[in-house]
Amino acid sequence: MLIVKVVKPLVSTNRIPDFEHKHLQVVLDGSTKKVAVDAVGAKPGDWVICVSSSAAREAAGSKSYPSDLTIVGIIDHWEPDPPKTSAPSPSPSPSNPQGGKPS
Amino acid sequence: MLIVKVVKPLVSTNRIPDFEHKHLQVVLDGSTKKVAVDAVGAKPGDWVICVSSSAAREAAGSKSYPSDLTIVGIIDHWEPDPPKTSAPSPSPSPSNPQGGKPS
Amino acid sequence: MLIVKVVKPLVSTNRIPDFEHKHLQVVLDGSTKKVAVDAVGAKPGDWVICVSSSAAREAAGSKSYPSDLTIVGIIDHWEPDPPKTSAPSPSPSPSNPQGGKPS
Amino acid sequence: MLIVKVVKPLVSTNRIPDFEHKHLQVVLDGSTKKVAVDAVGAKPGDWVICVSSSAAREAAGSKSYPSDLTIVGIIDHWEPDPPKTSAPSPSPSPSNPQGGKPS
Amino acid sequence: MLIVKVVKPLVSTNRIPDFEHKHLQVVLDGSTKKVAVDAVGAKPGDWVICVSSSAAREAAGSKSYPSDLTIVGIIDHWEPDPPKTSAPSPSPSPSNPQGGKPS
C-alpha cells in the first residue's frame, strides 16, 4: 500500500455512472498527484494508506467498483521524509564530484 | 487513478477485434504518452481521470474488454503543476533559469 | 495502453508450455526493452499499442494465457517524441545536437 | 516479488473494517516507504520478500483481503546493494562515503 | 514481460506455506534486484523472460499460487544494452570503464 497525503477533493461532473456515490480525493504520491476513492472520510492534510491494484476495487466497497486506488486508512502519526531531490544540487562548486570536465 | 491530459484521438486500423467500438485517445501522463479507452467523450486538452489495472476493463464497459487504461471522468477545473524539470533549476541565477546559454 | 516500438522477434526455446503458439516480440518502451505477445502480426519498426495488466491475458486470446503485455494494434501514423536524454549524450561529436554551447 | 526492509509497525486507528486482524508494517522499497500486510511475523530490520499485485490478496490469507503488498517470507541472509545515489553525495567529507557515525 | 538476468537462488526459511515447492531466484531487472518464481529451471547468468501481474500466478502453475513475478522462458541469445548511467560518465578515461578487475 502507498503512503500518500490528501490534498483536496476532486470535482468531476462528467464521469461514468459507476463512480457516482463515492468521494474522490486528490492525493500526493511522492511528487505526483493522483486520484483516490475515499473509503474512510479523510481530510486534506491527512496522511493515509492507499491500496492499489485489483484490491482497490473491493476496498472501495464492491468487486465491480472501478477503482485502482482507494484510501483504506488514516495513519495516526506520520513523519514524512524530507523531499528527495532527484536533481543534484547544481551548486557552482568547483570540485565536480562525478564527472570530470566535459570538454 | 491517474490525472492525465487528452492529446488527440489515436488511429489504429489493424487491431484486435475486441477493440472495435471504443474511441482511443492519446493521453499525456506526466511526460509519457499512453493510450486510453475513452468512456466519457473527452476532447483534446481536457484534463481527465484515468483508471488503470483490472478496473480499467469494467470501466470500459465490460469485464472482458481488454483495456488497462480507461478515461472515467473529466475534471471540472484543474491547475496542472508546473512541469518538473529533471534538470535542476534551483540555481540562484537571476535570469533565464532553465534554458539559454550557461555561460 | 503503452505506445511502444517493435524491435525484433524473440527466440526462447526453453519456456513453459503455455507460451507455445504465440509470437513473442522484443519491444522498446521508452528506453527499456520488454517482451510482448504479438496478437496482430507486427513487424520490426512498427509503432504499436500494448495492453498490460490482467487485460493482456484476454487480449492474447484466452483468460488463462500467461501474458502481461500483448500487442493489440498497429498505429497508423506515429511521430515519436525526441528521445529523453536523462544522461547527457557522451558522444564526442562537435555539433551539439540538443542545446546550446556547453562552454 | 520485491526485496524490502522492514522499518516499523504502522498504526492506523481509523481504517476500513477489512483490514482489522492483520499487522501492517512500514517497509522500505529502495528509498520509498510503503505499507505491507505482514503474513510471517517480521521484525524491524528484517529483509523480506513482498508480493504485490493481485497475488498479495491471497498471500494475506484470503482472496477478498484488500492487500496489494504482503510480506511472504523473511530472507535468511541478505547483503543489500550500496545505496544508489541518483544525486551525487554532496558531502565534501573525504572519508566514509555512506555510513559513518550517525551522531 | 520483463527481460531480466538470473543472479542466484534465494533462501527464505521462514515463509508462508503456499511458497513451499517452487524455486525462488534473485533476478536483476535493470539495476533493481527482485525475486521471481522459477518455472523453467534457470541458472545464474541466464537471461530470462519474467511475467508479472496476475498472469504470474498461472505461469507458476496454479491460479492460487501467490507469485507476482515468474520466470517463463530462457532467452536463447541476448545482448544486453550497455548499462544506463543515470549519472553521466563521459569521462575520457582510457581504462576499463565498467568493471575493473574483479580480483
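Residues numbered from 1 in each chain as written. Chains lettered and ligands numbered in written order. Predicted model: local features only at pLDDT ≥ 70, side-chain atom pairs only at ≥ 80, totals over all residues. Heavy atoms only, no water.

Draft legend 1. Seen up close, the packing of aromatic side chains. What the rule picks out here adds up to 5 aromatic pairs over all chains. Here phenylalanine 19 of chain E and tyrosine 65 of chain E contribute two aromatic rings whose centre-to-centre distance is 5.4 Å and whose plane-to-plane angle is 35°, an arrangement assigned as tilted. Linking phenylalanine 19 of chain E in the loop between strand E2 (14-15) and strand E3 (23-29) with tyrosine 65 of chain E in the loop between helix H1 (55-59) and strand E6 (69-74), this pair joins segments that are 46 residues apart in sequence. Exposure class is identical for phenylalanine 19 of chain E and tyrosine 65 of chain E. Each is buried. In this arrangement the basic side chain of lysine 22 of chain B is found over the ring face of tyrosine 65 of chain B, its NZ or CZ atom lying 5.8 Å from the centre. (Phe/Tyr/Trp six-rings, centres within 6.5 Å; stacked < 30°, edge-to-face > 60°. Helix = DSSP H or I, 4+ residues; strand = E, 2+ residues; numbered from the N terminus. Buried < 20%, exposed > 50% of the residue type's maximum accessible area, 1.4 Å probe, protein only. Lys NZ or Arg CZ within 6 Å of the ring centre and 35° of its normal.)

Draft legend 2. Here's a closer look at the environment of glycine 61 of chain A. Residues and elements named next belong to chain A. Counting through the fold element by element, glycine 61 comes out in the loop between helix H1 (55-59) and strand E6 (69-74). Of the residues examined, glycine 61 reaches a relative accessible area of 61% and is grouped as exposed. Spatially, the C-alpha atoms of glycine 61 and lysine 33 are 23 Å apart, while their sequence positions differ by 28 residues.

Draft legend 3. Region of interest: unusual backbone geometry. Phi is positive for serine 53 of chain B, close to 65°, though the residue is something other than glycine. Take serine 53 of chain B: it is sitting in the loop between strand E5 (47-52) and helix H1 (55-59).

Draft legend 4. Molecular detail of the interface of chain B and chain A. Counting from both sides, the interface comprises 27 residues of chain B and, opposite them, 30 residues of chain A. Taken together, the two surfaces of chain B and chain A that pack against each other cover about 2,200 Å², and 59% of this comes from carbon and sulfur. Interface area lost by chain B to chain A is led by Met1, Glu58 and Asp76 of chain B, which between them contribute 26%. The interface formed by chain B and chain A contains 1 salt bridge. (Contact = heavy atoms within 4.5 Å. Buried area = accessible area lost by both parts, 1.4 Å probe. Salt bridge = Lys/Arg side-chain N within 4 Å of Asp/Glu carboxyl O.)

Draft legend 5. Here's a closer look at the state of the cysteines. Across all of its chains, the model carries 0 disulfides over all chains by this definition. Between cysteine 50 of chain B, a cysteine without a disulfide, and cysteine 50 of chain A, which holds the nearest cysteine sulfur, the sulfur-to-sulfur distance is 17 Å. For cysteine 50 of chain B, a relative accessible area of 0% translates into the label buried. (Disulfide = S-S within 2.5 Å.)

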